[in-house]
Amino acid sequence: MNQRSADLLSLRPEIPNAKITPYMSKDEQFQNSTLRPIIKFQNPLLIEAFKNYIIKHKNAFYQLNIEKRLDYIENAIQKDIKFRNSLKGMVIGQFTVEEYMTYIQNSSTLNKRMMNIVVERLKDQVQAFEITVLV
């Protein structure tokens, strides 16, 4: 393992409930050992990226009720290819070379898992996108 890999791995948070067992598929093992910790680590950046997405799309997000906001988050990531690719880059850029070699063997399925985790994470933090008004 090179220094870059060691440094990247040392930065990642532990996720105690992201278990890895021999009975899991390789994709699920990769999800729990690599994707979840990276996405948790990148969370502040992902939130800021989505805030920027809202601004670039004329703040339409703020005119929606909570249910529609959750749909908006999902649609933004699933349908806006440029935005989705940007988010994927934020995650893939944190891979070690070894993880990247695993990822490219089944990137399509792993991309789906990755984006599903990002969508759920942003939905769970929808309150982070509220505009704060100073009185």
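To be clear, the structure that these remarks concern was listed above.
Calculation criteria
Residues numbered from 1 in each chain as written. Predicted model: local features only at pLDDT ≥ 70, side-chain atom pairs only at ≥ 80, totals over all residues. Heavy atoms only, no water. Salt bridge = Lys/Arg side-chain N within 4 Å of Asp/Glu carboxyl O. Helix = DSSP H or I, 4+ residues; strand = E, 2+ residues; numbered from the N terminus. Buried < 20%, exposed > 50% of the residue type's maximum accessible area, 1.4 Å probe, protein only. Phe/Tyr/Trp six-rings, centres within 6.5 Å; stacked < 30°, edge-to-face > 60°. Polar contact = N/O pair within 3.5 Å; in protein donor to acceptor, adjacent residues only side chain to side chain.

**Structural notes on the pattern of salt bridges**
Right, on to step 1. Enumeration according to the criterion identifies four salt bridges in this entry.
Right, on to step 2. A salt bridge links Glu99 to Arg12; the nearest nitrogen and oxygen atoms lie 2.6 Å apart. Here Glu99, found in helix α6 (residues 97-103), pairs with Arg12, found in the loop between α1 (3-11) and α2 (26-41); they are 87 residues apart in sequence, far enough to count as distant.
Right, on to step 3. On the basis of relative accessible area, Arg12 is assigned to the buried category, the value being 11%.
Right, on to step 4. Between Arg69 and Glu130 there is a salt bridge; the shortest N-O distance is 2.4 Å. Taken together, the residues span a long stretch of sequence, with Arg69 in helix α4 (residues 66-79) and Glu130 in the segment after α7 (107-124) at a distance of 61 residues.

**What about the packing of aromatic side chains?**
Right, on to step 1. All told, the structure shown has 13 aromatic pairs when counted by the stated rule.
Right, on to step 2. Between Phe50 and Tyr72, the aromatic rings sit 6.3 Å apart at their centres with planes inclined by 80°, giving edge-to-face as the arrangement. Of this pair, Phe50 sits in helix α3 (residues 43-56) while Tyr72 sits in helix α4, and the two are 22 residues apart along the sequence. Each member of the pair, Phe50 as well as Tyr72, carries the same accessibility label: buried.
Right, on to step 3. On the basis of an interplanar angle of 65° and a centroid distance of 5.5 Å, the ring pair of Phe61 and Tyr72 is categorised as edge-to-face. Separated by eleven residues along the polypeptide, Phe61 in the loop between α3 and α4 and Tyr72 in helix α4 bring together distant segments of the chain.
Right, on to step 4. By relative accessible area, which is 0% here, Phe61 ends up buried.
Right, on to step 5. Within the aromatic cluster, the residues linked to one another by ring pairs are Phe50, Tyr53, Phe61, Tyr62, Tyr72, Phe83 and Phe129.

**A short note on the side chain of Gln31**
Right, on to step 1. Note that Gln31 resides in helix α2.
Right, on to step 2. For Gln31, the side chain forms a polar contact with the side chain of Asn32, separated by 3.5 Å.

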